[in-house]
Amino acid sequence: MKHNKMLLLVLMILPWLSVPFLGKRTIKRFFPGALFMGVWVTVESILAKKRIWWRFTDKLIPGVMGEIPFIVGPFFVGSLWIFKWTFGNFFRYLIVNLITDVLFSFLGMHFLRKLGIVSLVRLKHYQMSLLFMAKSVLMYIFQGSIEKLQNKPKSLLQRIFS
């Protein structure tokens, strides 16, 4: 149990060590999409607990959602990196997310189950992959909408007074 908590802590902190390499501009640009999806996944986790899609048997902090280290660490930072490498090329974005989601859903979940951290209950591995892919598409659409709003031409009054 103690080793699992250390692993979860490392899993949450380690991705953040790569953030300085993203660049300020990338973080500022893609933060809204990653934050939106982090909130979405948090709400989804509440639903998953009610429907017993998966069960966390070992948590970083007792009484707190077991998904938090994954959402705050690899999911959030990974979203920023994937956007940096692929945004603007939807096909590449889908392929990178498909590979990442399948690796986590099958290999990652197998490893986490063996360690006694989390196990799937009413959700199959392929269903988890499909759920992740759907969220990836939703996140891309949200980020694309943010980009359109930010690049929207200014009105005549905004141009005069800016």
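All values reported here derive from a predicted model rather than from experimental measurement.

Brief notes about the packing of helix α2 (residues 24-51) against helix α5 (residues 125-150)
Right, so step 1: Between α2 and α5, whose axes approach to 9 Å, the crossing angle comes to 140 degrees. Between α2 and α5, the angle is such that the two are oblique. For the element pair α2 and α5, the recorded crossing hand is right-handed. Where α2 abuts α5, its residues Arg29, Phe30, Pro32, Gly33, Ala34, Phe36, Met37, Trp40, Val41 and Glu44 lie against Leu131, Lys135, Leu138, Met139, Phe142, Gln143, Ile146 and Glu147.
Right, so step 2: Of the residues contributing to the contact of α2 with α5, the split by class is 12 nonpolar, 2 polar and 4 charged.

Quick notes on the packing of aromatic side chains
Right, so step 1: Counting across every chain of the model gives 17 aromatic pairs.
Right, so step 2: Taken together, a centroid distance of 5.6 Å and an interplanar angle of 75 degrees make the contact between phenylalanine 31 and phenylalanine 76 edge-to-face. Taken together, the residues span a long stretch of sequence, with phenylalanine 31 in helix α2 and phenylalanine 76 in helix α3 (residues 68-86) at a distance of 45 residues.
Right, so step 3: Classification of phenylalanine 31 by relative accessible area gives partly exposed; the value is 36%.
Right, so step 4: Ring pairs connect the aromatic residues Phe30, Phe83, Phe87, Phe90, Tyr93 and Tyr140, which therefore count as one cluster.

Definitions and limits used
- Residues numbered from 1 in each chain as written.
- Predicted model: local features only at pLDDT ≥ 70, side-chain atom pairs only at ≥ 80, totals over all residues.
- Heavy atoms only, no water.
- Axes fitted to C-alpha atoms, helices over the stretch in contact; angles between N-to-C directions.
- Helix = DSSP H or I, 4+ residues; strand = E, 2+ residues; numbered from the N terminus.
- Parallel < 35°, antiparallel > 145°, perpendicular 65-115°, else oblique.
- Left-handed = near helix turned anticlockwise from the far one by under 90°.
- Contact = heavy atoms within 4.5 Å.
- Nonpolar A, V, L, I, M, F, W, Y, C, P; charged D, E, K, R; others polar.
- Phe/Tyr/Trp six-rings, centres within 6.5 Å; stacked < 30°, edge-to-face > 60°.
- Buried < 20%, exposed > 50% of the residue type's maximum accessible area, 1.4 Å probe, protein only.

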